[in-house]
Structures are given as structure tokens and as C-alpha cells.
Amino acid sequence: MQKYQTESWGSYKMSNLGFGGDVGFAADTSLLRLESLVAESAVVIFSVSTCCMCHAVKGLFRGMGVSPAVHELDLHPYGGDIQRALIRLLGCSGASSPGALPVVFIGGKLVGAMDRVMASHINGSLVPLLKDAGALWL
């Protein structure tokens, strides 16, 4: 079983995934690809272009003045592999699992799916995360 280093608020740090072990080559490649995409911006959203919850979370960040990097997995050449890697990180049982997408990373750390993003927004911890990541200056 793969183990992940967690932060105090429950996020995963991509730099501590510990590739290898009992994980196959295809999974390693997907996780490396995922790590590369997550590193490209302070806020990264993995989405599906036709998903209403994905649209809502993108609107939340844009409404706050954040410009996230958005990866529409249904339009991405490796979208299926990336989605399977995200499902593994989230601990979901499959692509049809409720809450599998959207998935948000802030400052290279996995915040989670829509439920975690909204909980962070409601409890007031989202803005400090965005400020710490350099995605929000106000």
C-alpha cells in the first residue's frame, strides 16, 4: 500500500509521494505527469469540461481574483491516466465516485475535491492557503 505524507490540514504534498514500491510503471508515469502539471501554477484545477461542479469551483477561484491553471481531463491526451492517479490520491473507488472531480491543488498541495474546497472556503482557511501559495495578494 502506498503511503502519503500529510500536512496538518489533511493535504498531500506532491514532493513526498514516494514513487516506486509496489506501484507499476504506468502508475509511476501518471503520478510524475501529475506532479509536473501541479507544479506549473500556484492553483491547479483538474476538471471535466462538461461537469457543473467543476464549472462552479473554477468560478469560485476566478471570482476571488485567482487565475488557476485548469486541466480539462476530457480534452487532455493523458486525461484518463491523470484522472486515475487523482482517484488514487483521493482514495476514491473509481471514476464514477462522487466527488472525484474537480480536484484542486494549491501551492503544490492537494486540497481535494469540491467538498474540501468548499469546506475550506466556508471555514475561512482557503484565503490564507491562496495567500501562502502566492495566488492571492489581497
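By convention here, each chain's residues receive numbers from 1 onward along its written sequence. Totals for whole chains, interfaces and linings use all residues, but because this is a predicted model, local features are given only for residues with pLDDT of at least 70 and pairs of side-chain atoms are given and counted only at 80 or more. The side-chain values count all of the structure's non-hydrogen atoms but skip hydrogen atoms and water molecules.

Helix numbering and strand numbering both begin at the N terminus, where a helix is a DSSP run of H or I of at least 4 residues and a strand a DSSP run of E of at least 2. In terms of regular secondary structure, the chain is built from five helices and five strands. Its helices and strands in sequence order give the chain the pattern β-α-β-α-β-α-β-β-α-α, from N to C terminus. Taken over 138 residues, the chain has a buried fraction of 43%. We call two residues in contact whenever any of their non-hydrogen atoms come within 4.5 Å of each other. Taking the contacts inside the chain whose residues are at least 6 apart along the sequence as the reference set, 56% of them involve residues at least 24 apart. The cut-offs for exposure are 20% and 50% of the maximum accessible area for each residue type, with area from a 1.4 Å probe on protein chains only; residues under the lower value are buried, those over the upper are exposed, and the others partly exposed.

On to helix α3 (residues 79-90). In this analysis, the expected span of each helix is defined as 1.5 Å times one less than the number of residues it contains. For α3, built from twelve residues, the straight-helix expectation of 16 Å at 1.5 Å per residue is met to within 8% by its first-to-last C-alpha distance of 16 Å. Listing the buried residues of α3 in full gives G79, I82, Q83, A85, L86, I87 and L89.

Glancing now at the nonpolar core. Core analysis: the largest hydrophobic core is formed by 18 residues, its most contacted members being L34, F46, I82, L86, L101, V103 and F105. Elements represented by at least two residues in this core include exactly α1 (25-38), β2 (43-47), α3 and β4 (103-106). If we skip the residues at most four places from it in the chain, I82 touches R33, L34, L37, F46, L73 and H76. Buried residues of nine kinds, namely Ala, Val, Leu, Ile, Met, Phe, Trp, Tyr and Cys, make up a nonpolar core once their side-chain atoms join them within 4.5 Å.

The next point concerns the packing of aromatic side chains. Each aromatic ring pair is characterised by the separation of its centres together with the angle its planes make. Here a Phe, Tyr or Trp ring, Trp counted by its six-membered ring, pairs with any other such ring whose centre lies within 6.5 Å, and the pair is stacked when the planes are under 30 degrees apart, edge-to-face when over 60, and tilted otherwise. In total, this model carries one aromatic pair according to the counting rule given. Our definition puts a charge over a ring when NZ of Lys or CZ of Arg is within 6 Å of the ring centre and also within 35 degrees of the ring normal. We note R33 situated over the ring of Y78; from NZ or CZ to the ring centre the distance is 3.6 Å.

Turning next to the environment of G134. Looking at the element boundaries, G134 is found in the segment after α5 (126-133). With relative accessibility at 33%, the residue G134 sits in the partly exposed group. For the pair G134 and I106, spaced 28 residues apart in sequence, the C-alpha separation works out to 9.4 Å.

The subject of this paragraph is helix α2 (residues 52-63). Every α-helical turn comprises 3.6 residues, leaving residues that sit three or four positions apart pointing alike. Counted at 1.5 Å a residue, the expected span for α2 with its twelve residues is 16 Å, and the 16 Å between its end C-alpha atoms agrees. Residues C54, V57, K58, L60 and F61 constitute the buried set of α2. Along the long axis of α2, the arc covered by the buried residues comes to 155°, so they all point the same way. Turned more than 90 degrees away from the buried face of α2 sit C52, H55 and G63, all of them exposed. Those residues of α2 that are buried lie in contact with β2, β3 (69-72), β4, α4 (114-123) and α5. Here, the arc refers to the directions that run from the helix axis to the C-beta atoms.

The subject of this paragraph is the pairing of β4. Residues V103 and F105 point to one face of β4 and V104 and I106 to the other, with burial holding for every one of them. Note on pairing: two strands pair once DSSP finds at least 2 bridges between them. Count of turn residues in the β4/strand β5 (residues 109-113) antiparallel hairpin: two residues, of which G107 carries a positive phi of about 60°.

Where helices are involved, their axes are fitted lines through C-alpha atoms of the stretch in contact, as for all axes, and angles between N-to-C directions lie from 0 to 180°. Interaxial distance between α2 and α4 falls to 11 Å at its minimum, and their mutual angle equals 30°. One finds that α2 runs roughly parallel with respect to α4. Note that α2 runs across α4; the crossing there is left-handed. Contact residues: α2 offers M53, A56, V57, L60 and F61, while α4 offers M114, V117, M118 and H121. Of the residues in the contact of α2 with α4, the class split is eight nonpolar, one polar and no charged. In this scheme, roughly parallel covers angles under 35 degrees and roughly antiparallel covers those over 145, while 65 to 115 is roughly perpendicular and the rest are oblique. Crossing handedness: left-handed means the near helix sits turned counterclockwise from the far one by under a right angle, and right-handed means the same turn made clockwise. Polar here means any residue outside two lists: the nonpolar Ala, Val, Leu, Ile, Met, Phe, Trp, Tyr, Cys and Pro, and the charged Asp, Glu, Lys and Arg; Gly therefore counts as polar.

Let us look at the side chain of E72. Note that E72 resides in strand β3. Given a relative accessible area of 18%, E72 falls into the buried group. The definition of a polar contact used here is a pair of N or O atoms within 3.5 Å, where within protein one atom must be able to donate a hydrogen and the other to accept one, and adjacent residues in sequence count solely through side-chain atom pairs. Reaching out from E72, the side chain makes a polar contact with the side chain of S47 at a distance of 3.0 Å. A distance of 2.6 Å separates polar atoms of two side chains, one belonging to E72 and the other to K58.

So yeah, pure geometry; function would need other evidence.
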